[in-house]
Amino acid sequence: QVQLVESGGGLVQAGGSLRLSCAVSGIIFRMNAMGWYRQGPGKQRELVAHISSDGDTNYADSVKGRFAISRDNAKNTVYLQMNSLKSEDTGVYYCNVPLRIYTEAYWGQGTQVTVSS
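Just so you know, these numbers come straight off a predicted model, no measurement behind them.

A.B. asks: What exactly am I supposed to notice about the pairing of strand 7 (residues 67-72) here?
C.D. replies: For a regular strand, side-chain orientation follows a simple rule: the groups alternate between the two sheet faces. Residues Phe67, Ile69 and Arg71 of strand 7 are buried on one face, while the alternating residues Ala68, Ser70 and Asp72, pointing to the opposite face, are not. With 6 bridges connecting them, strand 7 and strand 8 (residues 77-82) associate as antiparallel partners. Across the sheet, Phe67 pairs through a bridge with Met82, a residue of strand 8. Linking two consecutive strands that pair antiparallel, namely strand 7 and strand 8, is a turn of 4 residues; a positive phi of about 50° is found at Asn76 within it.

Shown next, in the form of structure tokens:
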């Protein structure tokens, strides 16, 4: 059973920072890429950051230079450091394995990030 437990969200002023965590179980974590997704109000869920099993990272243009994804394979945890937050970063943040077999079946409860301007 795949479990994804996100934490670390909250209310922050524009320009502030947050660090999100996602504890993962039920998969061989070190062998899988991981992604952080965001669903803003009235918007579809989108992939904002991706980290390969080897640690290579990619970002959506909207967060590039401000967000940093990382992973700790010993803790089966993926992180998202978010700096210089903007109001448009507001949304529920989720982590998942960026493969359809996972994204069609498994999602955690997410963690709410609200950026006030």
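A.B. asks: Please clarify how the sheet that holds strand 3 (residues 18-25) should be interpreted in this entry.
C.D. replies: Strands in a sheet are paired, the pairing made by backbone hydrogen bonds, and the direction either parallel or antiparallel. Spatial ordering of the open sheet is given by 1-3-8-7, a layout of 4 strands whose pairing is antiparallel. Looking at which strands have only one partner, the edges of the open sheet turn out to be strand 1 (3-7) and strand 7. With strand direction ignored, the average angle separating the axes of adjacent strands in the sheet is 15°. Pairing of strand 1 with strand 3 involves 5 bridges; the strand directions are antiparallel. Counterpart to Gln3 in the pairing with strand 3 is Ser25.

A.B. asks: Would you take a moment to explain the side chain of Glu6 for this structure?
C.D. replies: As for its placement among the helices and strands, Glu6 is situated in strand 1. For Glu6, the side chain forms a polar contact with the main-chain nitrogen of Gly110, separated by 2.9 Å. If near-sequence neighbours (up to four positions away) are discounted, Glu6 is found in contact with Ser21, Cys22, Trp36, Tyr93, Tyr94, Cys95, Gly108, Gln109, Gly110 and Thr111.

Parameters at a glance
- Here the residue numbering is sequential within each chain, running from 1 through the sequence in written order.
- Where totals are concerned, whole chains, interfaces and linings use all residues; where local detail is concerned, this predicted model gives features only for residues with pLDDT of at least 70, and gives and counts side-chain atom pairs only at 80 or more.
- Side-chain metrics in this entry use all non-hydrogen atoms of the structure; hydrogen atoms and water are not considered.
- Burial here depends on accessible area, computed with a 1.4 Å probe over protein chains only, as a share of the maximum for the residue type. Under 20% is buried, over 50% is exposed, and the range in between is partly exposed.
- Where helices and strands are cited, they refer to DSSP runs of H or I of at least four residues and of E of at least two residues respectively, numbered from the N terminus.
- A strand pair is defined by DSSP finding two or more bridges across the two strands.
- Fitting a line to C-alpha atoms yields each axis, with helices limited to the stretch in contact; the angle taken between N-to-C directions then spans 0 to 180 degrees.
- Within 3.5 Å is the distance limit for a polar contact, defined as a pair of N or O atoms, with the added protein rule that one can donate a hydrogen and the other accept it, and that residues adjacent in sequence qualify only through two side-chain atoms.
- Residues count as neighbours in contact if any of their non-hydrogen atoms are within 4.5 Å of one another.

Purely geometric numbers; function is a separate question.
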